[in-house]
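Examining the three-dimensional arrangement
The chain contents come next:
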Amino acid sequence: MATPPPHASSPSPDRSEAVDRHPTRLRTMTTLPMSDPDAAVAELQRTANAPAHVGIMSYGRSGDRPLDDPAYDELLATAASMGRPVFLHPQIPPHAVRDASYRGFDPSVELALATFGWGWHIEAGLAALRLILRGTFDRHPDLQIVLGHWGEMLLFALDRVDSLSNIATGLDRRVAEYFRTNIHIATSGMLTPRLLRHALDFTSIDRILLSGDYPFHRLDAATLADFLGTLPDRADQHKLAHANAQALYRLDPSPSGSDEKATPVLE
């Protein structure tokens, strides 16, 4: 295995070894040294021929530099050319934003409000919206990103957000249209039928990924079966359960009939 660039300090080799030990069960997301865009490109290219790596896990900014900054354009172009989706992970707001908008409570409440209660999701949703407005997907139409938690608030405000199209007139399409071509939505353990119904108003079943959010949400077979059963079409159930992820991350079907072992959940 090639040596990581000196800035990377990447755990990627350890994760590759874990996949090597369990090749029919595991794949990994690549984490990159985002504070150094050139090193991030080098680290991503280093994993080009590593089948264990199927996507990228990244925050929406590094320090004060957002992911849509031109400094990351080569990285995003490389991700697009390699077919590596970028999962935008939630991130705590910057200190200045926390001071302005999340203070004034007991410290535990302040932290909860700035993280899982609100701030995490606003940060991730804003990062995706900035990528759209920067024209990132016009320059790199093959680039795919994944937003957890049913779209990190964006789907709930998409009718309003789409009005930005009237101002950002340099885009090839309206803002909302990129959700049907470049953005995938993960459930993040929130298996609530009304959230699924709402998502399907703005995107297609092909762009929704079943996912957990361990340790915050611990799912059992009965919960999964009930949730998938809200879709009347069995083909859509299979898309949501595994086929969408297999297509997005270019995963081979599970060997030795492993997919068939999961079918009782869908029955």
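Residues numbered from 1 in each chain as written. Predicted model: local features only at pLDDT ≥ 70, side-chain atom pairs only at ≥ 80, totals over all residues. Heavy atoms only, no water.

**Observations concerning unusual backbone geometry**
Note the cut-off: Only DSSP runs of H or I with at least four residues qualify as helices, and only runs of E with at least two residues qualify as strands; both kinds are numbered from the N terminus onward.
With an omega dihedral of 5°, the bond running from Tyr214 to Pro215 counts as a cis peptide bond. Mapped onto the elements of the fold, Pro215 is located in the loop between strand 8 (208-209) and helix 11 (221-228). Residue Ser188 is not a glycine yet carries a positive backbone phi of 55°. Relative to the helices and strands, Ser188 is located in the loop between strand 7 (183-186) and helix 10 (193-199).

**Thoughts on the pairing of strand 7**
Taken residue by residue, a regular strand's side chains alternate between the two faces of the sheet. Which entries qualify depends on this criterion: Note on exposure labels: buried denotes an accessible area under 20% of the residue type's maximum, exposed denotes more than 50%, and partly exposed covers the range between, all computed with a 1.4 Å probe on protein chains only. Strand pairing is defined by DSSP finding a minimum of two bridges between the two strands.
What you see with strand 7 is no split at all: Ile183 and Ile185 on one side and His184 and Ala186 on the other are buried throughout. Pairing analysis gives three bridges linking strand 6 (residues 145-147) to strand 7, with the strands arranged parallel. By the bridge assignment, Ile145 is partnered in strand 7 with Ile183. Judged from the two bridges that link them, strand 7 and strand 8 form a sheet pairing that is parallel. Within strand 8, the residue paired with Ala186 across the bridge is Leu209.

**Some details on helix 3 (residues 73-82)**
The line we're drawing: By the convention used here, residues are in contact when the closest approach between their heavy atoms is within 4.5 Å.
Listed as buried for helix 3 are Leu75, Leu76, Thr78, Ala79, Ala80 and Met82. Tucked into the core, helix 3 has its buried residues touching helix 2 (37-46), strand 2 (53-58), strand 5 (86-88), helix 6 (119-133) and helix 7 (136-139). Gly83 occupies a position one or two residues after helix 3 and carries a positive phi of about 70°.

**A short note on the sheet that holds strand 2**
If you walk across this open sheet you meet the six strands as 1-2-5-6-7-8, and the pairing is parallel. Unpaired on one side and paired on the other, strand 1 (28-30) and strand 8 mark the two borders of the sheet.

**Description of the packing of helix 2 against helix 3**
So the rule is basically this: An axis is simply a line fitted to the C-alpha atoms; with a helix, the fit covers only the stretch in contact. Between two such axes, the angle follows the N-to-C directions and lies from 0 to 180 degrees. An angle below 35 degrees is read as roughly parallel, one above 145 as roughly antiparallel, one from 65 to 115 as roughly perpendicular, and any other as oblique. By definition, any crossing whose near helix is turned counterclockwise from its far helix by less than a right angle is left-handed, and any crossing with a clockwise turn is right-handed. Polarity classes work like this: nonpolar for Ala, Val, Leu, Ile, Met, Phe, Trp, Tyr, Cys and Pro, charged for Asp, Glu, Lys and Arg, and polar for all others, with Gly in that last group.
Relative to each other, helix 2 and helix 3 sit at 15°, their axes nearing to 9 Å. Classified by the angle their axes make, helix 2 and helix 3 are roughly parallel. The crossing of helix 2 and helix 3 is left-handed. On helix 3, the residues touching Asp38, Ala40, Val41, Leu44 and Gln45 of helix 2 are Glu74, Leu75, Thr78, Ala79 and Met82. Classifying every residue of the contact of helix 2 with helix 3 gives six nonpolar, two polar and two charged.

**Overview of the pattern of salt bridges**
We count it as follows: Any carboxyl oxygen of Asp or Glu that lies within 4 Å of a side-chain nitrogen of Lys or Arg is treated as forming a salt bridge with it.
Summed over the entire model, instances satisfying the criterion amount to nine salt bridges. The structure contains a network of salt bridges with shared partners spanning Asp68, Arg130 and Arg134.

**Some points on the pairing of strand 2**
Put simply, the rule reads: With its strands directed away from the observer, a crossover is right-handed exactly when the path from the first strand over the helix to the second travels clockwise.
When you tally the buried positions in strand 2, you get five out of six residues, the bulk of the element. Examined bridge by bridge, strand 1 and strand 2 share three bridges and lie parallel to one another. Residue Thr28 lies in a different strand from strand 2, and its bridge partner there is His53. With helix 2 bridging strand 1 and its parallel neighbour strand 2, the resulting β-α-β unit is right-handed. Sheet topology note: the strand 2/strand 5 ladder contains three bridges and is parallel. The residue bridging Met57 from the neighbouring strand is Phe87, located in strand 5.

**Here's the deal with the nonpolar core**
Generally speaking, soluble globular proteins have nonpolar side chains that are buried together. Which entries qualify depends on this criterion: The criterion is simple. A nonpolar core is a set of buried Ala, Val, Leu, Ile, Met, Phe, Trp, Tyr and Cys residues joined through side-chain atoms within 4.5 Å.
With 46 residues, the main nonpolar core has Leu75, Leu88, Ile132, Ile145, Trp150 and Leu240 as its most contacted residues. With residues near it in sequence (within four places) discarded, Trp150 still touches Leu155, Phe156, Ile185, Ala186, Thr187, Met190, Thr192, Leu195, Leu196, Ala199, Ile208 and Phe227. Residues Val54, Phe87, Leu248 and Tyr249 belong to the second largest nonpolar core, which totals seven residues.

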